[in-house]
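Below are the chains, spelled out letter by letter.
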Amino acid sequence: MNNRRKLIETISKSPYPSYTLPDGYVACDYVTNGKTTQNVGQKYFDTGFLPSYNYTYKIKYKLLKNPTNASYGWVDIWGIGNVTGGTNYNTRLNANGSTTLGQRMGSGTIKSISYSDYNLTWSDTIDYSYDSPNNKIVINGNEIITNTPSGRLASKTMLVGTAKNGGSSGNSDQVIALTIPNLALYGWEIWNNKTLIQWFVPCYKDGVGYVYDVIADEIKPGVNGSWGYGFD
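In short, a report on the structure. Note that this is a predicted model, so its numbers are computed, not measured.

**Comments concerning the overall build of the protein chain**
On a plain count of helices and strands, the protein chain comes out with 1 helix and 17 strands. Within the protein chain, the fraction of its 232 residues that count as buried is 48%. Sequence-distant contacts, at least 24 apart, represent 62% of the contacts inside the protein chain between residues at least 6 apart. As presented, the protein chain carries roughly 10400 Å² of accessible surface, and 45% of it is formed by carbon and sulfur atoms.

Right, here's the structure in full:
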């Protein structure tokens, strides 16, 4: 029985399938786009996924540099950006300086989260989930109710490690280079109700960090440069 068939059978039994990395790839705790400068060469991952109000988005990450030092005083952890013509097309998580996170969806910010309210700091490892259908965020085990999102979403794929500019029509491919964070990425998930439809896990090969989409059985390299990797 080949690995793909075993994976399909396991998916039907458990929301988190067992998996085997492709030959030559080794599991690690995280992948990282750099630790020393705010300009990390526009490195990010393209999820290949179009945003929707119907899904739950989960990410585990750690910022390696204070976002206060970024060009705009904030960085994009994941998403599609807004801008031009006063129209928003957001599906986006921002780290705003050293004090808050902002969850944006559709027409604007639906929740601003102060780290201090949950005994967190910007440099902590953040385990974050945004359940859009149920207007709920969970951050390191703390449940937060959000405003109900509204408005159009950009019809371009979501990025992890930055955001695209939505442009005047919400369809721009321009990466927002000045809002790329220095981060360690531990994983990324997208859920449709109780069905896991995208699951990135970190791995490496020949000294380079990658993510493996377990559901698609696909290795994804970083865009615009190689990622590193590490262990806690």
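**Details of the pattern of salt bridges**
Evaluation of the coordinates by the stated rule reveals 2 salt bridges. In this structure, Arg92 and Asp76 form a salt bridge, with 2.6 Å as the shortest nitrogen-oxygen distance. Of this pair, Arg92 sits in strand E6 (residues 90–96) while Asp76 sits in strand E5 (residues 74–80), and the two are 16 residues apart along the sequence. Considered together, Arg92 and Asp76 belong to a single accessibility category, that of buried residues.

**Quick notes on the packing of aromatic side chains**
Going through the model one piece at a time under the given rule, you end up with 14 aromatic pairs. Each ring, one from Tyr30 and one from Tyr186, has its centre 5.4 Å from the other, and the planes form 55°; the classification is tilted. One end of the pair, Tyr30, is in strand E2 (residues 30–32); the other, Tyr186, is in strand E13 (residues 183–192), with 156 residues separating them in the sequence. Judged by relative accessible area, Tyr186 falls into the buried class, the value being 14%. Taken together, the ring pairs connect Tyr16, Tyr19, Trp191, Trp199 and Tyr212 into an aromatic cluster. Lying over the aromatic face of Tyr186, Lys60 brings its terminal NZ or CZ to 5.3 Å of the ring centre.

**Notes on the side chain of Lys220**
On the secondary structure map, Lys220 appears in strand E16 (residues 218–220). For the buried Lys220, which has no salt bridge, the nearest side chain bearing the opposite charge is Glu218, at an N-O separation of 4.3 Å. Looking at Lys220, its side chain comes within polar contact range of the main-chain oxygen of Asp46, at 3.3 Å. Other than its neighbours up to four places away in sequence, Lys220 contacts Phe45, Asp46, Thr47, Gly48, Phe200, Tyr210 and Val211.

**Observations concerning the pairing of strand E10 (residues 136–139)**
Here E10 shows one buried face, formed by Ile137 and Ile139, and one open face, formed by Lys136 and Val138. Pairing analysis gives 4 bridges linking strand E9 (residues 125–131) to E10, with the strands arranged antiparallel. By the bridge assignment for E10, Tyr130 is matched with Ile137. Remark: 4 residues form the turn of the hairpin made by E9 and E10, two consecutive strands paired antiparallel; Asn135 in that turn has positive phi of roughly 50°. By the bridge criterion, 4 bridges tie E10 to strand E11 (residues 142–145) in an arrangement that is antiparallel. Residue pairing for E11: Ile137 is matched across the bridge by Ile144.

**Remarks on unusual backbone geometry**
One non-glycine residue, Asn193, lies in the positive phi region at around 60°. On the secondary structure map, Asn193 appears in the loop between E13 and strand E14 (195–205). One non-glycine residue with positive phi stands out, namely Asn224, at about 65°. A relative accessible area of 45% means that Asn224 is categorised as partly exposed.

Procedures and definitions
- Residues numbered from 1 in each chain as written.
- Predicted model: local features only at pLDDT ≥ 70, side-chain atom pairs only at ≥ 80, totals over all residues.
- Heavy atoms only, no water.
- Helix = DSSP H or I, 4+ residues; strand = E, 2+ residues; numbered from the N terminus.
- Buried < 20%, exposed > 50% of the residue type's maximum accessible area, 1.4 Å probe, protein only.
- Contact = heavy atoms within 4.5 Å.
- Areas by Shrake-Rupley, 256 points an atom, 1.4 Å probe, with all protein chains shown as cover.
- Salt bridge = Lys/Arg side-chain N within 4 Å of Asp/Glu carboxyl O.
- Phe/Tyr/Trp six-rings, centres within 6.5 Å; stacked < 30°, edge-to-face > 60°.
- Lys NZ or Arg CZ within 6 Å of the ring centre and 35° of its normal.
- Lys, Arg positive; Asp, Glu negative; His and termini not counted.
- Polar contact = N/O pair within 3.5 Å; in protein donor to acceptor, adjacent residues only side chain to side chain.
- Pairing = 2+ DSSP bridges.

These figures come from the coordinates and say nothing about function on their own.
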